[in-house]
Amino acid sequence: MHTISPRTAEPAAATSSHPVLRVPPAPPAAAAAYFAASLAFHADVSDVAAALNLDAGPGVTVLDSRSTASWDQGHIPGAVHLPTALIPEQATRLLDPAVPVVTYCWGPGCDGATRAALALARLGYQVKEMRGGFEYWVREGFAFETARGAERHALDPLTAPVADEDCGC
């Protein structure tokens, strides 16, 4: 097994006992292709929040793929509510096929947004999945709506900088 040394671009021997390098990193071109593809499929919570606040409009439709009880518990303002199971029969009525869709569900431990994105892609929609889901929307301190009205929780300092709007990433 070999890794590419950043200084020389020559293969370097992988260390079988090294917990990170026992499987060597991919070659830079393969890594670039992988990470570019990942960004084509995903958006993060902060970028979705920024898009929703653009003066020209968000340019995307945000779709909550959870149940009605989950939606009532809390959802992103302006999101479209369309549970995954209803996508085949209701997507064309609720979504403009010319506008990319960003799906979300509960959080990083839930595949609901992935299933919704797959269903939409199979119907011909351009789609991305919002990493972190509703959990990280709330943890990053963004406002949300519930059946009781608008709410906002304090920012979790483990998910975003407390004193700056830009995390630098």
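Each remark here, short or long, concerns the structure printed above.
Before going into details, it helps to say that this report is about the structure given with it.

**Considering the overall build of the chain**
Turning to step 1, where the next piece is worked out: Regarding its fold elements, the chain presents 6 helices and 9 strands.
Turning to step 2, where the next piece is worked out: Buried positions account for 33% of the 169 residues belonging to the chain.
Turning to step 3, where the next piece is worked out: By element, 58% of the accessible surface of the chain is carried by carbon and sulfur atoms, the whole surface being about 10,400 Å².

**Thoughts on the nonpolar core**
Turning to step 1, where the next piece is worked out: Val-48, Val-62, Ile-76, Ala-79, Tyr-104, Met-130 and Trp-137 are the most contacted members of the largest nonpolar core, which has 16 residues in total.
Turning to step 2, where the next piece is worked out: Of all the secondary structure elements, the ones that give two or more residues to this core are helix 2 (45–52), strand 6 (101–104) and helix 6 (133–139).
Turning to step 3, where the next piece is worked out: When sequence neighbours within four positions are dropped, the list of residues in contact with Trp-137 reads Val-45, Val-48, Ala-49, Leu-52, Ile-76, Pro-77, Met-130, Phe-142, Ala-143 and Phe-144.
Turning to step 4, where the next piece is worked out: Ranked by size, the runner-up nonpolar core spans 13 residues in total, among them Val-80, Ile-87, Leu-95 and Ala-117.

**Quick notes on helix 5 (residues 112–122)**
Turning to step 1, where the next piece is worked out: Along helix 5, the residues that are buried comprise Gly-112, Ala-113, Ala-116, Ala-117, Ala-119 and Leu-120. The arc enclosing the buried residues of helix 5, seen along the axis, measures out at 160 degrees, which places them on a common side.
Turning to step 2, where the next piece is worked out: Buried residues in helix 5 make contact with strand 4 (61–64), helix 4 (87–94), strand 6 and strand 7 (127–131).
Turning to step 3, where the next piece is worked out: Count one or two residues on from helix 5 and you reach Gly-124, which has phi positive near 100 degrees.

**Side note on the sheet that holds strand 4**
Turning to step 1, where the next piece is worked out: The parallel open sheet is built from 5 strands, whose spatial order is 3-7-6-4-5. What marks the edges here is a single partner per strand, and that holds for strand 3 (42–44) and strand 5 (80–81).
Turning to step 2, where the next piece is worked out: Bridge analysis of strand 3 against strand 7 gives 3 bridges, and the strand direction is parallel. When the bridges of strand 7 are listed, Ala-43 appears paired with Met-130.
Turning to step 3, where the next piece is worked out: On top of the sheet, helix 1 (residues 28–41) reaches strand 3 and strand 7; it is set at about 95 degrees to strand 7, its chief contact.

**Here's the deal with helix 4**
Turning to step 1, where the next piece is worked out: Among the residues making up helix 4, those that are buried are Ile-87, Gln-90 and Ala-91. Projected down its long axis, helix 4 shows its buried positions confined to an angular sector of 120 degrees, all on one face. Away from the buried face of helix 4 by more than 90 degrees, exposed residues Pro-88, Glu-89, Thr-92 and Arg-93 are located.
Turning to step 2, where the next piece is worked out: Those residues of helix 4 that are buried are in contact with helix 5.

**Considering the pattern of salt bridges**
Turning to step 1, where the next piece is worked out: A full pass over the atoms with the stated rule returns 4 salt bridges.
Turning to step 2, where the next piece is worked out: Asp-156 is the salt-bridge partner of Arg-139, the closest N and O atoms lying 2.6 Å from each other. In this pair, Arg-139 sits in helix 6 while Asp-156 sits in the segment after strand 9 (149–151), placing the two residues 17 residues apart along the sequence.
Turning to step 3, where the next piece is worked out: Take Asp-156: its relative accessible area is 18%, and that puts it in the buried class.
Turning to step 4, where the next piece is worked out: Residues joined in a network through salt bridges with shared partners are Glu-135, Arg-139 and Asp-156.

Rules used throughout
- Numbering of residues begins from 1 in every chain and follows the order in which that chain's sequence is written.
- Totals for whole chains, interfaces and linings use every residue, but because this is a predicted model, local features are given only for residues with pLDDT of at least 70 and side-chain atom pairs only at 80 or more, for both listing and counting.
- Computation of side-chain values: all heavy atoms of the structure, hydrogens and water removed.
- Counting from the N terminus, the helices are the DSSP runs of H or I reaching at least four residues and the strands are the DSSP runs of E reaching at least two.
- The buried label goes to any residue with under 20% of its type's maximum accessible area, the exposed label to any with over 50%, and the partly exposed label to all in between, with areas taken from a 1.4 Å probe on protein chains only.
- Residue-level accessible areas treat just the shown protein chains as cover; the underlying method is Shrake-Rupley with a 1.4 Å probe.
- Take the buried residues of types Ala, Val, Leu, Ile, Met, Phe, Trp, Tyr and Cys, join any two whose side-chain atoms come within 4.5 Å, and each joined set is a nonpolar core.
- Any two residues whose heavy atoms approach within 4.5 Å at even a single point are treated as in contact.
- The directions considered for the arc run from the helix axis to the C-beta atoms.
- When DSSP finds two or more bridges between a pair of strands, those strands are recorded as paired.
- Lines fitted to C-alpha atoms define the axes here, with helix axes fitted over just the stretch in contact, and angles between the N-to-C directions of these axes take values from 0 to 180 degrees.
- By definition here, a salt bridge exists when the distance from a side-chain nitrogen of Lys or Arg to a carboxyl oxygen of Asp or Glu is within 4 Å.

Honestly, that's just the spatial picture; any functional story needs more than this.
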